[in-house]
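Survey of secondary and tertiary structure
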Amino acid sequence: MPNLIEVQNLGKSFGDNEVLKNINESVKKGQVICVIGPSGSGKSTFLRCLNVLETPSTGKVLFEGNSLTGISESELNNLREKMGMVFQSFNLFPNMNVIENIKLAPLRVKKISDTEATQRAKELLERVGLADKAEQYPQSLSGGQQQRVAIARALAMNPEVMLFDEPTSALDPEMVGEVLKVMQDLAESGMTMVVVTHEMGFAKEVADEIWFMADGSIQEKGTPETFFKTPKTERAQDFLSKILN
Amino acid sequence: MKKNKFFLFIIIFLLALIIPFTHVKAASDNYLQKVKDKGTLVVGTSADYPPYEFTAKENGKTKYVGLDISIAERFAKDIGVKLKIRNMNFDSLLVALETHKIDMVIAGMNPTPERKTSVAFSKIYYTGNQYMLINKSDAARFKKIKDFKGQTIGAQTGSLQYSLVKQQMKGNDVKGLAKLNDLVIALQSHKVNAVAMEEATAKAFAENNRNLKVINPGFDIDASQTGSAIGFSKGADSLVTAANKTIDEIKKDNLINKKYIPAAAKNMTANSKKKSMMNYWTYFAKGIEYTLIITVVSVFFGFVLGTLFALMRLSRSKFVHGLAVSYIEFVRGTPLMVQVMFVYFGVGAVIQSLPALVAGIIAVSLNSAAYVAEVIRSGIESIPSGQTEASRSLGMSQKETYRYIIIPQALKNIWPALGNEFVTLIKESSIVSIIGVTDLMYQMQLVQSATYKGVIPIFITMVIYFLMTFGLSKVLGYFEGKMKHA
Ligand SMILES: Nc1ncnc2c1ncn2[C@@H]1O[C@H](COP(=O)(O)OP(=O)(O)OP(=O)(O)O)[C@@H](O)[C@H]1O
Ligand SMILES: [Mg+2]
């Protein structure tokens, strides 16, 4: 399997605060990676560096072999299209209803016809179980429903990879399941995914690989079985014992 | 670094201010030829000074009339061109002449030595005495200059009467106002105890108001200073010569006393017979029309420019950002009145044909743009960064993000503030009246001079402004409600 994303010597500082330190990793096509680690360890920053919402201070991020840094805005936009992103706080556009949220980028960026965009949006809403909410505005939906719309919106661009930043952390507990279910279906359909999460159950069941992050670097990685049963580093053992108790 | 740029900006701005005034002197005197080439003689006056110049209604149309206007008409005819009257504050006349907005000034103006340093005057065409207008109730108290000890005297700013009072009534306070009408209101409400006025004008006011009286307080007058003459640009000798010829002919036939003053008197009595405000509704209607035109056009351009400045201010380029900040701060830090005058007289000196209405609209738009820019910027900054991130992560460009995501949401948030700016402009635009744009405020002054009534036109104008702003607020409120439900 070829590398879809390659991270080379990635570093990121905010002023004096060095948040990411010399990260070298790669994501293969079809892989599901779960990134876990303590709060403030740099997980979000790492994920945001992958599609350059945060510009790396040092190093490189390659997508399908193309560098995402040092390129023009329009080249970057073309690459970002292929990297869907889902945020903790959903970030749906409140000035548009559900189906408009989903159709916007396909219409404006891919410039497909309205019929085609509508057709595709409806399929996606079906897929996330919200076919009946097409005309509603985001404010009138529950958190779980909003997050599923956000996933559908990202999928509408037919991305090669989906990046999730704690997609269930802002949800009431009873809504976490419906979102994880959609993500699990997505993983099973073969989508490449990088998921920052605190849902250990999901990580165990769905991930191909766990990346454990602390102090701005990936300290340890492995399959869910080996990582959760026999964590090698002390930081990971510490982290796991804290969240499992 | 930032400071330097700001200074540079200020310096450029000041240069722009000075340059227009530095090259106004023509090498040879082709002033008369220029007027003939244009085919029109543009005459500046201050039409609240009967019988010299004032307005009257004829067949429903407002006309400038009075002995000065008759002389100007005759002069234009003599040199074979059309006459165009530009009405403005007396104070602004000489600036307008200097900046070549007008070809000549005829406004009962006395050729004082101070004025002669910057203006070329014709011969004196008419000499009147300097009188005082007082309340009839004070007639027993005030007869001569010495009776006014400790009293406040009103006079038109920049006028001969103003300097007479200053020089010969040293113990008195002088209250200077731009409009005679306002001075008369001040007199009637005892804010001033007398208004120094030229004889004919004072008599006109007294004739039209039972409670006022005219006295001759015995100013010590140098005959050469009390006569009225026509003012031209310094160096416009060809125009002066032509005007002197016309004046000689007028004097030879004694036209001023035989024809012009009687005609003016007729217009004055015609005016005073039509004192009911109903006769002047067309004045107000025209004023409303212009106020609305200025406001609507300025709101539009203010919004477009304001959006531009807001985006510039949010730009990552330090230069573009600095430019926008300098502009916004500068405009917000100077009075609209000064800006209006700067655009009309300053910019107008470069672009000679800039009409007052256009100058007014430009100034108000530019002013509004600075305020709108700040409203829009705050609207844009109030949109959470997550919105931009979501949009950019979908591959949308910065421009598309602004267009489809940020601006629509920002507009919805700032709609009330923008509406407020609209309402504010209706009121603020009244300042353009100082450069002679016939907006509601200006028309009010015309009605005041036509009717010799001070307060009622003010009251009517106030009510009209209120109805406009209140109506607009209601309409905007209705749409605001609609947007909330969308
Ligand atoms: N835009 C920013 N400016 C300055 N500092 C930042 C910025 N974004 C993140 N940081 C800092 O970077 C560090 C890592 O933050 P990050 O959000 O990546 O952590 P995280 O692992 O996602 O934590 P959490 O689990 O709480 O979401 C923190 O110390 C944070 O304060
Ligand atoms: Mg985070």
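No experiment lies behind these values; they were computed from the predicted model shown.

**Here we look at the overall build of chain B**
A tally of helices and strands in chain B yields 19 helices and twelve strands. Dimensions of chain B, computed from the C-alpha atoms along their principal axes, are close to 85 × 55 × 50 Å. Each of the 486 residues in chain B was classed as buried or not, and the buried ones make up 51%. Long-range contacts, defined as pairs at least 24 residues apart, comprise 76% of the intrachain contacts of chain B with a sequence gap of at least 6. Just so you have it, chain B exposes about 22400 Å², and 61% of that area is on carbon and sulfur atoms. A gap of 4 Å separates the mean positions of the 58 positive and 35 negative side-chain charges of chain B.

**What to know about the site of ligand 1**
Residue and element names in this part refer to chain A. Near ligand 1 there are 13 residues, and of these S39, G40, K43, S44 and T45 occur at the shortest range. A distance of 2.5 Å separates an oxygen atom of ligand 1 from a polar atom in the side chain of S39. Take K43: an N or O atom from its side chain is 2.9 Å from an oxygen atom of ligand 1. Coverage of ligand 1 by the protein chains reaches 59% of its 630 Å² of free accessible surface. For the shell around ligand 1, the elements supplying multiple residues, two or more each, are β2 (17-28) and α1 (43-50).

**Focus: the nonpolar core**
If you look at the biggest cluster of nonpolar residues, it comprises 61 residues, and the most contacted ones within it are I5, F46 and L50 of chain A. Here the element with the most residues in this core is helix α15 (residues 356-381) of chain B; it accounts for seven residues. Residues F54, A76, F205 and I250 of chain B belong to the second largest nonpolar core, which totals 56 residues.

**Focus: the domain arrangement of chain B**
All names here are of chain B. The domain architecture assigned to chain B consists of domain 1 (27-127 + 227-273), domain 2 (130-225) and domain 3 (279-484). Between the C-alpha centres of domain 2 and domain 3 the distance comes to 40 Å. The interface is formed by eight residues belonging to domain 2 together with seven residues belonging to domain 3. Across the domain 2-domain 3 interface, the total number found is zero residue pairs in polar contact (both at pLDDT 80 or more). Counting residues per element, the ones that place at least two in the side of domain 2 that touches domain 3 are α7 (180-188) and α8 (199-207). Looking at the side of domain 2 that touches domain 3, the element that brings in the most residues is α7, giving three residues. Class assignment for the residues of the side of domain 2 that touches domain 3 results in three nonpolar, three polar and two charged.

Calculation notes
Residues numbered from 1 in each chain as written. Chains lettered and ligands numbered in written order. Predicted model: local features only at pLDDT ≥ 70, side-chain atom pairs only at ≥ 80, totals over all residues. Heavy atoms only, no water. Helix = DSSP H or I, 4+ residues; strand = E, 2+ residues; numbered from the N terminus. Buried < 20%, exposed > 50% of the residue type's maximum accessible area, 1.4 Å probe, protein only. Contact = heavy atoms within 4.5 Å. Areas by Shrake-Rupley, 256 points an atom, 1.4 Å probe, with all protein chains shown as cover. Lys, Arg positive; Asp, Glu negative; His and termini not counted. Charge placed at Lys NZ, Arg CZ, Asp CG, Glu CD. Near = heavy atom within 4 Å. Polar contact = N/O pair within 3.5 Å; in protein donor to acceptor, adjacent residues only side chain to side chain. Core = buried A, V, L, I, M, F, W, Y, C linked by side-chain atoms within 4.5 Å. Domains from an automatic or database assignment. Nonpolar A, V, L, I, M, F, W, Y, C, P; charged D, E, K, R; others polar.

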